[in-house]
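Chain by chain, the residues run as shown.
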Amino acid sequence: MRGEKKQKTEEKGDPKAPSHRKPNMLTSLSDQLLAADAPLATVDGDTANQREGESVGQESLTDQTVWMLAVRDHRDRQAFGRLFDYFAPRLKGVICRSGLPPSQAEDIVQDVMLTVWRKAAMFDPERAQVSAWIYQIARNKQIDTLRKEKRPVPEELKLPEETQEDAAQVLALDQETQKLRVALGRLKPAQREMVEKAYLGELTHADIREQTGLPLGTIKSRIRLGLERLRHELKEQGLT
Amino acid sequence: MTSVSHHIPDHIMVAYVAGSLPHAYSLVVASHLSMCDRCRTRVAAHEAVGGSVLDSYATQDVSGDLRQRVFDQLDDPFEEAPRFERSGIFPAPVMEALGGLPPKWTPLGMGVRQSILSEDDQGTVRLLYIPSGQAVPDHGHNGLELTLVLQGAFRDETGYFGVGDVEVADDDLEHTPIADDGMPCICLAATDAALRFRSFVPRLLQPIFRI
Ligand SMILES: [Zn+2]
């Protein structure tokens, strides 16, 4: 499928596109923002929505999404540097928590960030927010360093080619993720600690089952919309 | 695949996403996700939570040269890990575990066969082939057992399981799955300890059969 995509791009005579994706509304937006070195985006989606101008309030994409799209579509090193500066210290934080010595933790951070650069074409902002995507890469790397066998991952979805990303969907996912973050931020410290333990691999499945304090309900209700949309999308494309 | 009606429970899914689920079970979960859009979206939701945890986690300064080291490698050639594709009834994660080759079956008696895909001290994952109408050998298990149907169907005391369905059997479930009539049932099954197939193989022989 990647091949087809590439071909399409070439047919249109656009040698500038280094990745398989055609530049689109979102990326041209990221270009503008990066070029102007303007304040990139605001994380406050609600405020941004009230702004005038661009339809669907594209400006309220998070900085991380804008940087990631610039990396994916234009191999933008400056944007990659910003992603590095943002995520590397966080990655080191969570990896050190597992008890690995700092030098080994940094090897994993390096590995994760290189994967972000190399696999950028796989980033699909309609299906995953940047932090979720990088979290998953980090979990895979961390497990692969501990085991000889690779961590089993699901088959890649074979989605039909799309000429353009649905900007509204990307924005909605971005905003929903921000709301989730706010909701998690409001948890009581003990609950918050439990979420961190569960999602950083410190609880077994049996522990998680016993953990009534784990706010799985909150999590589900906060991301329900995104889930429904994603399911709808999969259905539309005849994958179910 | 809209007929999938037995899914991965939340506690197992969170453990899978977070990486604390043992390898054997993870292979079953990854295989189910390859066949079930509903669970795929649920996984995406849990990954969003993981992303939020990462995003709001206390930062820890990285060494001064790490950034440069990463930038120095951006143009380095790198080898893509081989990607496996679904083949017949076997989803990509199973094909990967099989190394891209057809399963090597070992007879267990009464037409039942198995092919062990992986085992370690935390669990074993195997393919099971059960002729139609045949009962899965009576097997006690100590902990969690996950069974995903890849072909055919089986039923037991708890219900009916068709292609894509996962049966989650916790510690104490005593069950006798029977392959449905029609075609042989092929399952992917993960257990945390050696199964004890009581009816077919004397306990003493178990080490030989690795079951
Ligand atoms: Zn499912």
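Residues numbered from 1 in each chain as written. Chains lettered and ligands numbered in written order. Predicted model: local features only at pLDDT ≥ 70, side-chain atom pairs only at ≥ 80, totals over all residues. Heavy atoms only, no water.

Caption draft 1: The arrangement of the coordination of the zinc ion in detail. Residue and element names in this part refer to chain B. The protein atoms that coordinate the zinc ion are H7 (ND1), H32 (NE2), C36 (SG) and C39 (SG), at distances of 2.0 to 2.3 Å. Classification of the site at the zinc ion rests on its 4 donor atoms, whose angles at the metal span 96 to 125 degrees, yielding the label tetrahedral. Judged by relative accessible area, C39 falls into the buried class, the value being 0%. (Donors = N, O, S within 2.8 Å, 3.2 Å for Na, K, Ca; no water. Tetrahedral: all angles 85-135°; square planar, octahedral: opposite > 155°, others 65-115°. Buried < 20%, exposed > 50% of the residue type's maximum accessible area, 1.4 Å probe, protein only.)

Caption draft 2: Molecular detail of the domain arrangement of chain A. Residue and element names in this part refer to chain A. Assigned domains of chain A: these are domain 1 (20-37 + 61-151) and domain 2 (166-240). Facing 15 residues of domain 1, the contacting portion of domain 2 comprises 19 residues. Between domain 1 and domain 2, roughly 1500 Å² of surface is buried when both sides are summed, and carbon and sulfur atoms account for 54% of that area. Taken as a group, R97, E126 and Q129 account for 42% of the area that domain 1 buries against domain 2, more than any other trio of residues on that side. Linking domain 1 to domain 2 there are 3 salt bridges. Here domain 1 and domain 2 share 9 residue pairs in polar contact (both at pLDDT 80 or more) between them. (Domains from an automatic or database assignment. Contact = heavy atoms within 4.5 Å. Buried area = accessible area lost by both parts, 1.4 Å probe. Salt bridge = Lys/Arg side-chain N within 4 Å of Asp/Glu carboxyl O. Polar contact = N/O pair within 3.5 Å; in protein donor to acceptor, adjacent residues only side chain to side chain.)

Caption draft 3: Examining the packing of helix α7 (residues 130-146) of chain A against helix α3 (residues 37-55) of chain B more closely. At a minimum axis separation of 7 Å, α7(A) and α3(B) run at an interaxial angle of 90 degrees. In terms of axis orientation, α7(A) runs roughly perpendicular to α3(B). Along the contact surface, α7(A) presents S131(A), A132(A), I134(A), Y135(A) and Q136(A), while α3(B) presents E47(B), A48(B), G50(B), G51(B), S52(B), L54(B) and D55(B). Class assignment for the residues of the contact of α7(A) with α3(B) results in 5 nonpolar, 5 polar and 2 charged. (Axes fitted to C-alpha atoms, helices over the stretch in contact; angles between N-to-C directions. Helix = DSSP H or I, 4+ residues; strand = E, 2+ residues; numbered from the N terminus. Parallel < 35°, antiparallel > 145°, perpendicular 65-115°, else oblique. Nonpolar A, V, L, I, M, F, W, Y, C, P; charged D, E, K, R; others polar.)

Caption draft 4: Layout of the pattern of salt bridges. Residues and elements named next belong to chain A. Taken as a whole and judged by the stated rule, the model has 17 salt bridges over all chains. With its nearest N and O atoms 4.0 Å apart, the salt bridge here joins R127 to D124. On the basis of relative accessibility, which here comes to 29%, the residue R127 falls in the partly exposed class. Its salt-bridge partner being R192, residue E196 comes within 3.5 Å of it at the nearest N-O pair. With a gap of 4 residues between them, E196 and R192 both fall in helix α9 (residues 189-199), about one helical turn apart. We note that E196, like R192, is buried. Connected through salt bridges with shared partners, the residues R97, R192, E193, E196 and E202 form a single ionic network.

Caption draft 5: Summary view of the sheet that holds strand β3 (residues 123-130) of chain B. Residue and element names in this part refer to chain B. Strand order across the open sheet formed by 6 strands is β1-β2-β3-β10-β5-β8, with antiparallel pairing between neighbours. The sheet terminates laterally at β1 (106-109) and β8 (166-169), the two strands that pair on one side only. Each strand of the sheet is rotated relative to its neighbour by a mean of 25 degrees, with strand direction disregarded. When strand β5 (residues 145-151) meets β8, the two strands line up antiparallel, connected through 4 bridges. Within β8, the position partnered with L146 by the bridge is V168. Relative to the sheet, helix α2 (residues 23-35) contacts β2 (112-120), β3, β5, β8 and β10 (185-191), its axis offset from that of β5 by approximately 40 degrees. (Pairing = 2+ DSSP bridges.)

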